Amino acid sequence: MSKNFVIEIKQRPWYEWLVGAFFLLTEVFLIQNAVASSGENEPRAAMLFWVSFFVLLIVGGVIWFMRRSK
């Protein structure tokens, strides 16, 4: 019994790629600063960057989940 699966790739407008690139660059910026602040023994700055990183990651995940059925 063989089942055929079809993968459909939908084209996205240019601004969605731009927003996605900005999201990834922001995440890299936040995690880099969080690690650097931890290494410099700056606990308040590190915590601020870690919280910002995870909040943005959760928001991005929620937006992706809401838009994937579109």
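Now for a quick tour of the structure. (Residues numbered from 1 in each chain as written. Predicted model: local features only at pLDDT ≥ 70, side-chain atom pairs only at ≥ 80, totals over all residues. Heavy atoms only, no water.)

## Here we look at helix 1 (residues 14-39)
When the terminal C-alpha atoms of helix 1 are compared, their 38 Å separation across 26 residues agrees well with the 38 Å that a helix rising 1.5 Å per residue should span. Along helix 1, the residues classified as buried are Glu27, Leu30, Ala34 and Ser37. One or two positions beyond helix 1, positive phi appears at Asn41, with a value near 55°. (Helix = DSSP H or I, 4+ residues; strand = E, 2+ residues; numbered from the N terminus. Expected span 1.5 Å × (residues − 1). Buried < 20%, exposed > 50% of the residue type's maximum accessible area, 1.4 Å probe, protein only.)

## Section: the packing of aromatic side chains
Inspection of every chain in the model, using the stated rule, returns 4 aromatic pairs. With 6.0 Å between their ring centres and 85° between their planes, Trp14 and Tyr15 make a pair best called edge-to-face. Geometrically, the ring pair formed by Trp50 and Phe54 is stacked, given 6.0 Å between the ring centres and 20° between the ring planes. Taken together, the residues span about one helical turn, with Trp50 and Phe54 both in helix 2 (residues 43-67) at a distance of 4 residues. In textbook terms, an aromatic cluster arises when at least three aromatic residues are bridged by ring pairs, as seen for Trp50, Phe53 and Phe54. When the ring centre of Trp17 is taken as origin, the NZ or CZ atom of Arg12, which lies over that ring, is 5.6 Å away. (Phe/Tyr/Trp six-rings, centres within 6.5 Å; stacked < 30°, edge-to-face > 60°. Lys NZ or Arg CZ within 6 Å of the ring centre and 35° of its normal.)

## Thoughts on unusual backbone geometry
Even without glycine at this site, Asn41 takes up a positive phi of about 55°. Structurally, Asn41 can be placed in the loop between helix 1 and helix 2. In this structure Asn41 comes out as exposed when scored by relative accessible area, which is 65%.

## Quick notes on the packing of helix 1 against helix 2
Geometrically, a packed helix pair is captured by the angle between its two axes and the distance between the axes. One way to put it is that helix 1 packs onto helix 2 with a least axis distance of 8 Å and a crossing angle of 155°. For the element pair helix 1 / helix 2, the angle class is roughly antiparallel. Once helix 1 is placed against helix 2, the crossing between them reads as left-handed. Contact residues: Glu16, Phe23, Thr26, Glu27, Leu30, Ile31, Asn33, Ala34, Val35, Ser37 and Ser38 in helix 1; Ala45, Ala46, Phe49, Trp50, Ser52, Phe53, Leu56, Leu57, Gly60 and Arg67 in helix 2. Among the residues making up the contact of helix 1 with helix 2, the classes are represented as 12 nonpolar, 6 polar and 3 charged. (Axes fitted to C-alpha atoms, helices over the stretch in contact; angles between N-to-C directions. Parallel < 35°, antiparallel > 145°, perpendicular 65-115°, else oblique. Left-handed = near helix turned anticlockwise from the far one by under 90°. Contact = heavy atoms within 4.5 Å. Nonpolar A, V, L, I, M, F, W, Y, C, P; charged D, E, K, R; others polar.)

Read these as layout, nothing more, since geometry by itself doesn't imply function.
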